[in-house]
Amino acid sequence: MSFSDLFESGFKKRNEDHFAAIVRVAMSDGIINDAEKAFLDRLATGLDITEQEYKDILKDYKLHPINAPHSYDTRLERLYDLARMIWADHIEGPDQVVLLEKLCIGLGFNPDNVKYIADKALTLVHYEVELDEFIDRIKKMNQ
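Residues numbered from 1 in each chain as written. Predicted model: local features only at pLDDT ≥ 70, side-chain atom pairs only at ≥ 80, totals over all residues. Heavy atoms only, no water.

Peer 1: Pulling in residues and values, what's your account of helix α6 (residues 114-126)?
Peer 2: Between its terminal C-alpha atoms α6 stretches 18 Å, which fits the 18 Å expected from 13 residues at 1.5 Å a residue. Of the residues making up α6, those classed as buried are Val-114, Ile-117, Ala-118, Ala-121, Leu-122, Leu-124 and Val-125. Buried residues in α6, looked at end-on, bunch into an arc of 160°, giving them a common side. Facing away from the buried side of α6 by over 90 degrees, the exposed positions are Lys-115 and Tyr-116. (Helix = DSSP H or I, 4+ residues; strand = E, 2+ residues; numbered from the N terminus. Expected span 1.5 Å × (residues − 1). Buried < 20%, exposed > 50% of the residue type's maximum accessible area, 1.4 Å probe, protein only. Arc of directions from axis to C-beta.)

Pasting the structure below:
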């Protein structure tokens, strides 16, 4: 097996685990609603999850480890990506906020702050800020 094969298989496994963690968050209330399903469909495409892998993960999502980012900056980068996907899917109103709040908890943010973090993240992606500005503004929102 070549080095590039090892890299690709590791990258693929990380994407599957990341997707499974998001499925776990979506399933935290016992169901995946239509807005969450649309988001998962788009996310699966973005993470190069095949239809069969998607079905397998939905069936056994708890078998995948949760690998929440350890660094705060990496956590903010994932938040940025997820907020942009939710915004791009045109998930409107409370569903949009509730979904991102769940994902914030899954990313390891303090549950007491997720309402504010999700609201700020959605506002920033609405105004199409770049990643660096997004990170800077989220970090400064409590100052």
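Peer 1: Hey, could you go over the environment of Glu-36 for me, with residue numbers and the actual values?
Peer 2: Within the element layout of this structure, Glu-36 appears in helix α2 (residues 34-46). Residue Glu-36 is classed as buried on the basis of its relative accessible area of 3%. Separated by 63 residues in sequence, Glu-36 and Leu-99 have C-alpha atoms that sit 7.1 Å apart. Of note is the side chain of Glu-36, whose polar atom sits 2.7 Å from the side chain of Lys-102. (Polar contact = N/O pair within 3.5 Å; in protein donor to acceptor, adjacent residues only side chain to side chain.)

Peer 1: Give me the lowdown on unusual backbone geometry, citing residues and values where you can.
Peer 2: Phi at Asp-48 takes a positive value of approximately 60°, unusual for a residue other than glycine. Inspection of the secondary structure assignment puts Asp-48 in the loop between α2 and α3 (51-59). The exposed category is assigned to Asp-48, whose relative accessible area is 55%. Within the chain, Glu-128 stands out as a residue other than glycine whose phi angle is a positive 55°. In this fold, Glu-128 is placed in the loop between α6 and α7 (131-140).

Peer 1: Tell me about the confidence of the model for the protein, and name the residues and values.
Peer 2: Confidence in the prediction for the protein averages 82 pLDDT; 85% of positions are at 70 or higher. Within the protein, the lowest mean pLDDT, 69, falls on helix α1 (residues 3-26), and the highest, 94, falls on α7. Counting interchain partners and residues more than four positions distant, the pLDDT-below-50 stretch residues 1-7 has one contact. (pLDDT = per-residue confidence, 0-100. Contact = heavy atoms within 4.5 Å.)

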